[in-house]
Amino acid sequence: MQGEESLRILVEPEGDSFPLMEISTCETEASEQWDYVLVAQRHTQRDPRQARQQQFLEELRRKGFHIKVIRDQKQVFFGIRADNSVFGLYRTLLLEPEGPAPHAELAAPTTIPVTTSLRIRIVNFVVMNNKTSAGETFEDLMKDGVFEARFPLHKGEGRLKKTWARWRHMFREQPVDEIRNYFGEKVALYFVWLGWYTYMLVPAALTGLLVFLSGFSLFEASQISKEICEAHDILMCPLGDHSRRYQRLSETCTFAKLTHLFDNDGTVVFAIFMALWATVFLEIWKRQRARVVLHWDLYVWDEEQEEMALQLINCPDYKLRPYQHSYLRSTVILVLTLLMICLMIGMAHVLVVYRVLASALFSSSAVPFLEEQVTTAVVVTGALVHYVTIIIMTKINRCVALKLCDFEMPRTFSERESRFTIRFFTLQFFTHFSSLIYIAFILGRINGHPGKSTRLAGLWKLEECHASGCMMDLFVQMAIIMGLKQTLSNCVEYLVPWVTHKCRSLRASESGHLPRDPELRDWRRNYLLNPVNTFSLFDEFMEMRTWLQVLETIGVLAVIANGMVIAFTSEFIPRVVYKYRYSPCLKEGNSTVDCLKGYVNHSLSVFHTKDFQDPDGIEGSENVTLCRYRDYRNPPDYNFSEQFWFLLAIRLAFVILFEHVALCIKLIAAWFVPDIPQSVKNKVLEVKYQRLREKMWHGRQRLGGVGAGSRPPMPAHPTPASIFSARSTDV
């Protein structure tokens, strides 16, 4: 086929159940396997675009690819498969000989199992990089309507559907080798990681469930909740401008009990446990990954070398593209990235403005529930707005990250993929967590105090934390966002492709023509599948974070975030300080007294109602001389008290201590648990040793056989030189 024109004939079937087919007489063997299909509209065969099609296909034939053409009623299908010479060239370029080059016995490459993923990867690379004499690529031809679509042929999915892609198989071990042969190493390694991650979540889930149940069992026993529920005589200062009434602290009884479920000593222990769990998980994953890498012969695979080999297969005159660095491009990319980060932070400020305006709106609402539960309504609607913002900005971030990568012009696809990952992750981090950072560490801390509140644009009072504490705001925000992402987002992620495929199939079935030829039916079935691209599975990867550098970063950020939430958002530090500095246990010496008795009164500051700018405008102010609010301030100037500064010092000390202890444990775990198991190291060491002995034996044979001895046995497992179909990844 290479370099010669195929003879094509038209076959007219009996009746009119399916259209004429154009079949290459050179490609009618029963054993032929087609890997890839290009699709064009049939009307393009009668205009000048047909010549451009033929030029493109002729270039593929010249490179050793066989073409089969089948005409359907509306489309023309061009089946493509690579000649064996293409795979032979691939072996030659990527395999190192076992010994000196002059010895044919040693230079002969090891047999390579040509998997589905390898065949498709080679054909796809050549198709996407193939150019006509006019310099037109496949993407250029698609833009001009010369071709309509392209897709690989799916072979072997039947067994995976039966043994893996079924809900009833969710508790079975994944057939990772079959997944690798079908999808390729990168996707298969993702599923290996996903299975391992799910397995490692079991101890974390059991620990979390135990902590939750323990908190639930003490739902009515919390001393702090009891004091709040019985505080009928404590009046809280109005939270907003429009909520012009005093609220009894006992009215927040239910929320106080709910807050105790996730803000108790057990949850603090669980936060510390999760910070350490992230470290241990990462170290154990490195060991598991090393075993998989050895099993799949990925140890010495060079993805950059493979890409150069594919370039040479596509074009023997391919010129190596050297590494380049442009300070101008780097500066532009840095500035644009910083602008996007500023935009993300600005979006968080927009959410703050929304919460302030919504608070004012709900306070004056005619709906009684909204007027009474202003803070709760603001938190819930704010979380919904944040979720919508995440959905929108995710699409924008993807486009921006891709445009930045295209502008930077990375040398290889793997380099482009890596840089895209870093930029997309960075933008997504600020998109997801900017608002949460505000709620956890800023909300309610820059508001001033009753009588002198910080206002937005001098008009609207900044939002306060919930009356039961800022932890409730953070819990509601995270619960809504995570709940929606796990339910609504996953439903959309599953249903949209399914509905799209059903609609495509329904439109195709309305034509009423079902091909009799089984091959054409198979091609049409694959054609009706949803289109995919290089980054089709990228959302899955980003949801699970499957890059080692990203995992390392998340591990460090998890330690910092957990430490700061415990110190500044939770009531853990104030409770501990009260227990060991102000507790009645220290004075009475009575073991029967709860050491947190009096904590609620201790944590509330006093405000004299006469210091309000308009005290008479507050409902029920006739008999009220003072109200309470959550802070540590002293009247009459309402400056921060000594307790505030003491607590701040303890909080900062805790964060520093927590982070240093956690990071030390991380370093100890990294040292104590080697990234690569000794069994893997020994196998690689044995391979190197056997290769050296083999080279030594052949070298002495060439020198006359002096001291050559017997030929050493080859290792039972593959040598690094036999690694052929792998693509390295840093998952």
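In case you missed it, the structure is sitting above this.
The present account deals with the structure reproduced in this document. (Residues numbered from 1 in each chain as written. Predicted model: local features only at pLDDT ≥ 70, side-chain atom pairs only at ≥ 80, totals over all residues. Heavy atoms only, no water.)

Bringing the environment of lysine 403 into the picture now. Within the element layout of this structure, lysine 403 appears in helix α15 (residues 374–408). Classification of lysine 403 by relative accessible area gives exposed; the value is 61%. Considering only alpha carbons, one finds lysine 403 and isoleucine 333, 70 residues apart in sequence, at a separation of 9.9 Å. (Helix = DSSP H or I, 4+ residues; strand = E, 2+ residues; numbered from the N terminus. Buried < 20%, exposed > 50% of the residue type's maximum accessible area, 1.4 Å probe, protein only.)

As a further point, take the layout of surface pockets. Here the second largest pocket is characterised by a volume of approximately 860 Å³. Taken together, the elements giving at least two residues each to the lining of the second largest pocket come down to β9 (448–449), α20 (548–569), α23 (599–603), β14 (626–630) and α24 (642–672). When residues of the lining of the second largest pocket are assigned to their parent elements, the largest contribution, 4 residues, is made by α24. When grouped by side-chain class, the residues that make up the lining of the second largest pocket number 19 nonpolar, 10 polar and 9 charged. (1 Å grid on protein atoms, 1.4 Å probe; cavity = no way out; pocket = protein on both sides within 12 Å on 5 of 7 lines; lining within 4 Å. Points joined across faces, edges and corners; volume = space filled by probe spheres on them. Nonpolar A, V, L, I, M, F, W, Y, C, P; charged D, E, K, R; others polar.)

Turning our eyes to something else, we now look at empty space enclosed by the protein. By the definition in use, this model includes 5 cavities of 30 Å³ or more. By volume, the second largest cavity amounts to about 60 Å³. Surrounding the second largest cavity, Met344, Met347, Ala348, Leu351, His386, Thr389, Met393, Phe430, Thr431, Ser434 and Ser435 form its lining. When contributions to the lining of the second largest cavity are tallied by element, the ones reaching two or more residues are α13 (327–363), α15 and α16 (413–441). When its residues are assigned to classes, the lining of the second largest cavity shows 6 nonpolar, 5 polar and no charged.

This part is about unusual backbone geometry. The amide bond that connects proline 635 to the next residue, proline 636, takes the cis arrangement and shows omega of 10 degrees. With respect to the helices, strands and loops of the structure, proline 636 is situated in the loop between β15 (633–634) and β16 (639–640). With phi around 55 degrees, methionine 409 is a residue other than glycine that occupies positive phi space. Tracing the sequence through the fold places methionine 409 in the loop between α15 and α16. On the basis of relative accessible area, methionine 409 is assigned to the partly exposed category, the value being 44%. Here tyrosine 638, not a glycine, exhibits a phi torsion of approximately 60 degrees, which is positive.

The next thing to look at is α24. Here α24 spans 44 Å end to end across 31 residues, near enough to the 45 Å set by a 1.5 Å rise per residue. If you follow the buried residues of α24, they end up packed against α11 (265–295), α20 and α21 (572–581). (Expected span 1.5 Å × (residues − 1). Contact = heavy atoms within 4.5 Å.)

This brings us to the state of the cysteines. Taken as a whole and assessed by the stated rule, the structure comprises 3 disulfides. Across a sulfur-sulfur distance of 2.2 Å, cysteine 585 and cysteine 595 are joined as a disulfide pair. Taking the torsion about the S-S bond as the criterion, the cysteine 585 to cysteine 595 disulfide, at about -110 degrees, is left-handed. Separated by 10 residues along the polypeptide, cysteine 585 in helix α22 (residues 584–588) and cysteine 595 in the loop between α22 and α23 bring together distant segments of the chain. In this structure cysteine 585 comes out as buried when scored by relative accessible area, which is 17%. (Disulfide = S-S within 2.5 Å.)

Function cannot be inferred from these measures alone, as they are strictly geometric.
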